[in-house]
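Coordinates in review
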Amino acid sequence: MKILYAFLLLLLPAAFISAGDDIDRTAQLIGSANIEELSRDFAPTVDLTIMDNENQASAALAKNILTDFFDKNQPRSMKILHRITSSDKFHYGVILITTEESTYRVAFTLKNNNGRFQLTELRIESSKEK
């Protein structure tokens, strides 16, 4: 019986993980320019907009485009502005990324694909905030 209680005690925290964790994780990966890890969460195709350049890209191409962008714009800080997690079908986040030269507003959509949230859309645009 003690083993059962110990097992349940270990599993209980997992039941209370907030739905916003995928927003936080994605924001942290973008904010640290960890595109290698971020790309593991890409859907097969990603709607990618960087400034005025819109693209529907394969996961591999989106990874290359984002790597190129972040090689030129290394983030110094990141701040989460908005998060929407009220739907079990999609989550939406908006963050501000500050680089040495500029500040960018990054919006992303995560869609539920068989219980796993995948990044389906990412928009990077100049921000008027500093």
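Whatever comes next refers back to the structure up there.
Everything numeric here is computed off the predicted structure, so don't read it as measured data. (Residues numbered from 1 in each chain as written. Predicted model: local features only at pLDDT ≥ 70, side-chain atom pairs only at ≥ 80, totals over all residues. Heavy atoms only, no water.)

**As for the overall build of the protein chain**
Here is the rule: Secondary structure elements follow DSSP: runs of H or I of four or more residues count as helices, runs of E of two or more count as strands, with numbering from the N terminus. Any two residues whose heavy atoms approach within 4.5 Å at even a single point are treated as in contact. All accessible-area figures derive from a Shrake-Rupley calculation using a 1.4 Å probe, and residue coverage is judged against the displayed protein chains alone.
Looking only at helices and strands, the protein chain features four helices and six strands. Moving toward the C terminus, one meets the helices and strands of the protein chain in the order α-α-α-β-β-α-β-β-β-β. For the protein chain, the share of sequence-separated contacts (at least 6 apart) that also reach a separation of at least 24 residues comes to 46%. Surface exposure of the protein chain reaches about 8300 Å², of which carbon and sulfur atoms provide 53%.

**Things to note about the sheet that holds strand β5 (residues 103-113)**
Quick note on the threshold: By definition, two strands form a pair when at least two bridges between them are found by DSSP. In this analysis an axis means a line fitted to C-alpha atoms, helices contributing only their contacting stretch, and an angle means the value between N-to-C directions, from 0 to 180 degrees.
The strand order β2-β1-β6-β5-β4-β3 describes an open sheet built from six strands, whose pairing is mixed. The open sheet has two edge strands with one neighbour each: β2 (53-58) and β3 (75-84). Each strand axis lies, on average, 20° off the axis of its neighbour in the sheet, ignoring direction. Sheet topology places strand β4 (residues 90-99) next to β5; nine bridges connect them, and they run antiparallel. Residue pairing in the sheet places Val94 in a bridge with Ala107 of β5. Against the sheet, helix α4 (residues 59-72) touches β1 (42-50), β2, β3, β4, β5 and β6 (116-126), its axis set at about 40° to β1.

**Structural notes on the pairing of β1**
As paired strands, β1 and β6 are joined by five bridges and run parallel to one another. What sits directly across from Asp47, in β6, is Glu121. Across six bridges, β1 lies against β2 in antiparallel orientation. Of the residues in β2, the one forming a bridge with Thr49 is Glu54. The antiparallel pairing of β1 with β2 creates a hairpin that spans two residues between the two strands, and Met51 there sits at a positive phi of about 60°.

**Looking at the nonpolar core**
The tendency in soluble globular proteins is for nonpolar side chains to be buried side by side. Rule in force here: Put simply, buried Ala, Val, Leu, Ile, Met, Phe, Trp, Tyr and Cys residues joined by side-chain atoms within 4.5 Å make one nonpolar core. Exposure categories follow from relative accessible area, calculated using a 1.4 Å probe and restricted to protein chains: below 20% of the type maximum is buried, above 50% is exposed, and the middle band is partly exposed.
Ile30, Leu66, Phe70, Phe108, Leu122 and Ile124 are the most contacted members of the largest nonpolar core, which has 26 residues in total. When residues of this core are traced back to their parent elements, those giving at least two are α2 (21-31), α3 (35-38), β1, α4, β4, β5 and β6. If near-sequence neighbours (up to four positions away) are discounted, Phe108 is found in contact with Ile23, Thr26, Ala27, Ile30, His91, Tyr92, Gly93, Ile95, Leu119, Glu121 and Leu122.

**A word on unusual backbone geometry**
At Ala33, a position not held by glycine, the phi torsion is positive, near 55°. Relative to the helices and strands, Ala33 resides in the loop between α2 and α3. Positive phi values are uncommon outside glycine, yet Met51 reaches one of about 60°. Relative to the elements of secondary structure, Met51 occurs in the loop between β1 and β2.

**Side note on the packing of aromatic side chains**
What counts is decided by this rule: Two aromatic rings, drawn from Phe, Tyr or Trp (for Trp, its six-membered ring), form a pair once their centres lie within 6.5 Å of each other, and the interplanar angle then sorts them: stacked below 30 degrees, edge-to-face above 60, tilted otherwise.
For the coordinates displayed, the defined rule picks out two aromatic pairs. Judged by centre distance (5.1 Å) and plane angle (85°), the ring pair of Phe69 and Phe70 falls under edge-to-face. Residue Phe69 is classed as buried on the basis of its relative accessible area, which comes to 11%. The interplanar angle of 75° and the centroid separation of 5.2 Å between the aromatic rings of Phe69 and Tyr104 together place this pair among those described as edge-to-face. One end of the pair, Phe69, is in helix α4; the other, Tyr104, is in strand β5, with 35 residues separating them in the sequence. Here Phe69 matches Tyr104 in class, with each residue buried. Ring pairing ties together the aromatic residues Phe69, Phe70 and Tyr104, which thus form one cluster.

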